[in-house]
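Chain by chain, the residues:
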Amino acid sequence: MELNWNQIDDKWRSRWYNAKHFETDPNDKPKKFITVAYPYPNSPQHIGHGRTYTLADVHARYYRMKGYNVLFPMGFHYTGTPILGMSKRVQANDVELIEAFKNLYNVPEEKIKEFVDPVKIADYFHEEIKAGMIEMGYSIDWRREFTTIIPAYQKFIEWQFRSLKQKNLIVQGNHPVGWCPNDQNPVSQHDTLGDVEPDFTEYIVIKFNMGHEIIPVATLRPETLFGVTNLWINPKIVYKKVKVDGETWIISAECAYKLEFLNKKIEFISDIPGSELIGKKVTSPTSEDEFLIIPASFVTASTGTGIVMSVPAHAPYDFQALEDIKNGNQKNISDSLRSEVEKIQPVAIITTNGFGKIPAQDVIKRMGITNQSDPKLEDATKEIYSKEFYEGKLNSNTGKFAGKKITFVKEEVKEWISKTGKSDIMLELTNESVKCRCGTECVVKLLNNQWFLDYANKEWKKKAHDCFESMNILPNDIRTEFLNVLDWLRERACARQHGLGTKIPWDSDWLVESLADSVIYMSFYTMAKFVNSGEILAENMSDEFFNYVFYGNGDSNAIANGAKITTGKLEEIRKEFLYFYPVDSRHSGRDLVPNHLTFFVLNHVALFPKENWPKEIVVNGSVLMDGKKMSKSMGNIIPLRNAVKTYGADPIRLSILISAELLQDADFNIESVSGIKNKLQSMHDECIKFNSPEKIGTEPEDVWIQSRLSKLISEVTDSMEKMRLRESLHHILYGFDSDLQWYMKRANAKNRDNISGVLNKVLTTRISMLSPFAPHIAEEMWEKLGHSKMVSKSSWPKEEAQTDDRAIQNESLLSSVMNDISNITKVTKITPKKIIIYTADNWKSKAYHKILSGVISGETNIGTFIKELISQKETETVKKDPDFVKKTLKDILSEPTELRKTKMQAGEIDETEIISNELSSLIETDYRIKLQVFSENDSKKYDPKNKARMARPYKPAILIE
Ligand SMILES: [Zn+2]
């Protein structure tokens, strides 16, 4: 009968709920505190969101079974601008958004009308997401739920901000930020389309003179000023003549726009078409040299000033653009200008091993570039830039900088030009294009007197570094990414003008930014329970209260008095924090590595003592749908709740987890869901079949399968500890199937009717390990197996103290002989009338184990083995059969190390006995004939083809007639 997934889901969810199964309070057991980044409720969750939360839930459920008192809580992040932006779009009757609410997210129309209030949007999707989490079976303690706009949370954030400020970690200053000119608000990842973190870099603006006017160029390589041969303009651009802080500059309109945000005073004077600048001359800011302005198509208005200095020896674009003019490939160049250009020769100023005198020329030749619109110029530029930066030295034509390494000279040159007053600084976004969620192109703004988290602070970084060093990071490959982020981090604006959230406690014009009020909230879960029950009121939560709960500072009686609670209650709240803190595992998607996860560590090390620093971070990749990225425009987003209704919670959980390990992208597709459903269904049917835990038999195959089961437990446990969940799931669902098949074959061959006990034990073990992954169906199967308590409260299975290596070797011998027989009959196409097996002579077994032990300790030389074996009485026969050593060594070397070890531990096995006793029933079942077994040294053996002498340990000789 096909399973009704929704019904099973409901049944077990309500049992968990009624049993208050996942409500966690401090007790005597060791604890684990598992948290995952709380969701931002501006839309329902889709399958992609399911991954991080499911991973965390599996982790929580696993630890519960390992005997820990596990706290897995959830909150909702209302802070920030996106929800505000949405409500504005609803107010403006944005058709696209309203249609998406209606059709994609099935929001009732009356509700959408309420969405003009941003809190109503957040509330609606909050309930939607929460319902989805419950339906997915997440083992969350909902008593601790909160949103980031409740008064108690705001008190907590005020405390956080005041504490950081007291430590001088929040500073007021003038720093650059990513900025939306439309919203007049700083932007970070949460505020941009496509969740791009705005990143910017510093250009040096070098001012060339053209009479009284300044022609500025922006460069990342100020040292190349010594190699300039000309300037480039784009004749198609209409440049602007503007007053910049009193000087007259000629720049692109885009540049003028951007400079305003960098606090330059800009006054427009006149337009000046690029074509008018062609052929004019400028003088160098640091010498008497004159340079010609010539046209090039690669110059864009949106980069730098829209004017570029040409360094043809080291910049492939510049070299090629000059060549294009010299070769006559460039249209609209007058003959007189061409003859001027023909005089221009590259000036080499850097020497780098591996490049010739003119590096740009070398690389252009090598790459086969023939004109300035060739995209390969980008690669050529990167190659030269990076090689020269790390290995290049300045030539003698660079004055006082001659002989210096490029890596170190950049800052010196910058300072030198700056002292002449002929340079400036310009900050530009390095991302291709960053758009605010309102659709406006973002810029870099120099923000004055703004509040910043001083993430550039070296001591602070050092502490965070220490924390990362001592922390477990899964997967470990991503550790360096964190350290890089930390190294590059600078001051970060932590205040916003608009949005939901908490006001900066000392500056009520500003709100706390959303990546700043979501970094230590894990500690708030420990008191949220008391807030929600009304045991403590927000209005009574003072800084003293938080300082007592988190640090134990102050007089408890006075503080309890101030908080209008009993001293006992205050102690209870503090105990709750001390018990659950630190965070044992923090789960999040990879996109939060460069911001949230790093800030989480920074703020913890700033505000909490070392013993409360986070212990672990687990990072996961995203989810693809049928191999493609999920997106609204692709129309391939499946809301999580719809998916649960259609497929059931567990099939979704498993198909998200089984296709990828942590950092890889997981792929969700219908085939894998239905494959998983079939597998679970058949396991379920087996649970009904083998529902009684009868006495377990003692036949060799019984001993064997229990040893295999023990190995399975150790493999799965090992993978779980590393959060290699894909691997664990494969072991649990499929890894045991071939063993079970073999067991059934053996038992059936013997016509046994007492195998239900073993199969019940096997299923019990597998279901119990499956339960963190597929909690609903596992409970159902567990019940079918005859267990009275719930599997989610059972213990994680333990491997047997000793697995029987001999039993494992015996069975592997049997199955390999069966395989060999089947292969021989297939190749020879004979229907066997006789099957005769010859087991190896006793000396061979002894020799085998000597060779095995030699290989394990690193010996592989045949000569050495032969010499040693001959020298010993029990194996001296080897001299009559030296080929045996060669073949045996080959047998052993072709096996995995693990198997060699079990063979070693199993010791010599009596093959004649095992094969006669255990193989006969299998041969009779498969071939309907009687098996004959002889030892190689049996003088009365039937051996017409002289095969017996070929027998080797674990490789008996076979004769089929
Ligand atoms: Zn905007």
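Refer to the structure above for everything that follows.
The present account deals with the structure reproduced in this document. (Residues numbered from 1 in each chain as written. Predicted model: local features only at pLDDT ≥ 70, side-chain atom pairs only at ≥ 80, totals over all residues. Heavy atoms only, no water.)

What follows concerns the pairing of strand β5 (residues 200-210). Where burial is concerned, most of β5 is hidden: eight out of the eleven residues are buried. Examined bridge by bridge, β5 and strand β16 (residues 423-429) share seven bridges and lie antiparallel to one another. Directly across from threonine 201, in β16, lies its bridge partner glutamate 428. Judged from the seven bridges that link them, β5 and strand β6 (residues 213-219) form a sheet pairing that is antiparallel. Bridge assignment links lysine 207 to a residue of β6, and that residue is proline 216. (Buried < 20%, exposed > 50% of the residue type's maximum accessible area, 1.4 Å probe, protein only. Helix = DSSP H or I, 4+ residues; strand = E, 2+ residues; numbered from the N terminus. Pairing = 2+ DSSP bridges.)

Turning our attention to a negative patch on the surface. On the surface, Glu109, Glu110, Glu114, Asp117, Asp123 and Glu127 cluster together to form a negatively charged patch. Every element with two or more residues in the negative patch is listed here: α5 (109-114) and α6 (118-135). Ranked by residues supplied to the negative patch, first place goes to α5 with three residues. Summarising the element assignment, glutamate 110 is placed in helix α5. You can call glutamate 110 exposed: its relative accessible area is 55%. (Patch = residues over 30% accessible without salt bridge, like charges linked within 9 Å, V, L, I, M, F, W, Y side chains within 5 Å. Areas by Shrake-Rupley, 256 points an atom, 1.4 Å probe, with all protein chains shown as cover. Salt bridge = Lys/Arg side-chain N within 4 Å of Asp/Glu carboxyl O. Lys, Arg positive; Asp, Glu negative; His and termini not counted. Charge placed at Lys NZ, Arg CZ, Asp CG, Glu CD.)

Turning our eyes to something else, we now look at the pattern of salt bridges. Summed over the entire model, instances satisfying the criterion amount to 73 salt bridges. Between glutamate 391 and lysine 387 there is a salt bridge, with the nearest N and O atoms lying 3.8 Å from each other. Of this pair, glutamate 391 and lysine 387 are both found in helix α13 (residues 376-391), four residues apart, which corresponds to roughly one turn of the helix. For lysine 387, a relative accessible area of 25% corresponds to the partly exposed category. Residues glutamate 535 and lysine 569 are paired through a salt bridge, measuring 2.6 Å at the closest nitrogen-oxygen approach. In this pair, glutamate 535 sits in the loop between α17 (522-532) and α18 (543-551) while lysine 569 sits in helix α20 (residues 567-580), placing the two residues 34 residues apart along the sequence. By sharing partners, the salt bridges in this structure join Glu699, Glu701, Asp702, Arg746, Lys750, Arg752, Glu811 and Glu918 into a single network.

When two helices pack together, you describe them by how their axes are tilted relative to each other and by the distance separating the axes. At a minimum axis separation of 12 Å, helix α27 (residues 737-749) and helix α30 (residues 805-828) run at an interaxial angle of 85 degrees. Relative to α30, the element α27 is oriented roughly perpendicular. In this structure, α27 uses Trp742, Lys745 and Arg746 to contact α30, whose residues at the interface are Glu811, Leu814, Ser815 and Met818. Of the residues assigned to the contact of α27 with α30, the class counts are three nonpolar, one polar and three charged. (Axes fitted to C-alpha atoms, helices over the stretch in contact; angles between N-to-C directions. Parallel < 35°, antiparallel > 145°, perpendicular 65-115°, else oblique. Contact = heavy atoms within 4.5 Å. Nonpolar A, V, L, I, M, F, W, Y, C, P; charged D, E, K, R; others polar.)

This part covers the environment of glutamate 383. With respect to the helices and strands, the residue glutamate 383 is situated in helix α13. As a C-alpha pair, glutamate 383 and tryptophan 488 span 105 residues in sequence and 23 Å in three-dimensional space. Here the side chain of glutamate 383 touches arginine 366 through a polar contact of 2.7 Å, side chain to side chain. (Polar contact = N/O pair within 3.5 Å; in protein donor to acceptor, adjacent residues only side chain to side chain.)

Our next topic: the side chain of asparagine 669. Here asparagine 669 lies in the loop between β27 (666-668) and α24 (670-689). Residue class for asparagine 669 comes out buried when judged on its relative accessible area of 14%. Of note is the side chain of asparagine 669, whose polar atom sits 3.5 Å from the side chain of aspartate 667. Of the polar contacts made by the side chain of asparagine 669, one reaches the backbone nitrogen of serine 672; its length is 2.9 Å.

A few words now on the packing of aromatic side chains. Throughout the structure, instances matching the rule amount to 56 aromatic pairs. Residues phenylalanine 208 and phenylalanine 291 carry aromatic rings whose centres are separated by 6.1 Å and whose planes lie at 75 degrees to one another, so their mutual orientation is edge-to-face. Here phenylalanine 291 lies in strand β12 (residues 290-295) and phenylalanine 208 lies in strand β5, a separation of 83 residues in the sequence. Both rings, one in phenylalanine 545 and one in phenylalanine 546, keep their centres 5.4 Å apart while their planes meet at 70 degrees; by these two values the pair is edge-to-face. Residue phenylalanine 545 shares its accessibility class with phenylalanine 546, and that shared class is buried. We note arginine 15 situated over the ring of tryptophan 12; from NZ or CZ to the ring centre the distance is 4.5 Å. Directly above the ring of tyrosine 68 sits lysine 32, whose terminal nitrogen or CZ lies 4.8 Å from the centroid. (Phe/Tyr/Trp six-rings, centres within 6.5 Å; stacked < 30°, edge-to-face > 60°. Lys NZ or Arg CZ within 6 Å of the ring centre and 35° of its normal.)

So, on to the coordination of the zinc ion. Protein coordination at the zinc ion comes from Cys180 (SG), Asp183 (OD), Cys436 (SG) and Cys438 (SG), with a distance range of 2.2 to 2.3 Å. Geometry at the zinc ion is tetrahedral, judged from the four donor atoms that bind it and their angles of 94 to 122 degrees at the metal. All donors of the zinc ion come from a single chain, and their spacing in sequence reads C-x2-D-x252-C-x1-C. Separated by 258 residues along the polypeptide, cysteine 180 in strand β3 (residues 170-180) and cysteine 438 in the loop between β16 and β17 (443-453) bring together distant segments of the chain. (Donors = N, O, S within 2.8 Å, 3.2 Å for Na, K, Ca; no water. Tetrahedral: all angles 85-135°; square planar, octahedral: opposite > 155°, others 65-115°.)

Let's shift gears to the sheet that holds strand β28 (residues 835-839). Remark on secondary structure: sheet strands pair via backbone hydrogen bonds, oriented parallel or antiparallel. Here three strands make up an open sheet; going across it, the order is β29-β28-β30 and the pairing mixed. Across the chains shown, the open sheet's two edge strands, defined by having one partner strand only, are β29 (931-935) and β30 (957-960). On average, each strand axis in the sheet is inclined to that of its neighbour by 20 degrees, with strand direction left out of account. As paired strands, β28 and β30 are joined by four bridges and run antiparallel to one another. By the bridge assignment for β30, isoleucine 837 is matched with isoleucine 958.

Ranked by internal contacts, the top residues of the largest apolar core, which has 140 residues, are Phe101, Leu770, Phe773 and Leu919. With nine residues, helix α2 (residues 47-65) is the largest single contributor of residues to this core. Excluding residues within four positions of it along the chain, phenylalanine 101 makes contact with Met86, Val90, Asn106, Val107, Ile112, Phe115 and Phe125. Membership of the second largest hydrophobic core comes to 79 residues, among which are Tyr38, Tyr153, Met522 and Leu602. (Core = buried A, V, L, I, M, F, W, Y, C linked by side-chain atoms within 4.5 Å.)

Within the open sheet, the four strands sit side by side as β4-β3-β17-β19. Their pairing is antiparallel. Each end of this open sheet is capped by a strand with a single partner; those strands are β4 (185-186) and β19 (492-493). Relative to β4, β3 is paired through two bridges, and the arrangement is antiparallel. When the sheet's bridge partners are listed, tryptophan 179 is paired in β4 with proline 186.

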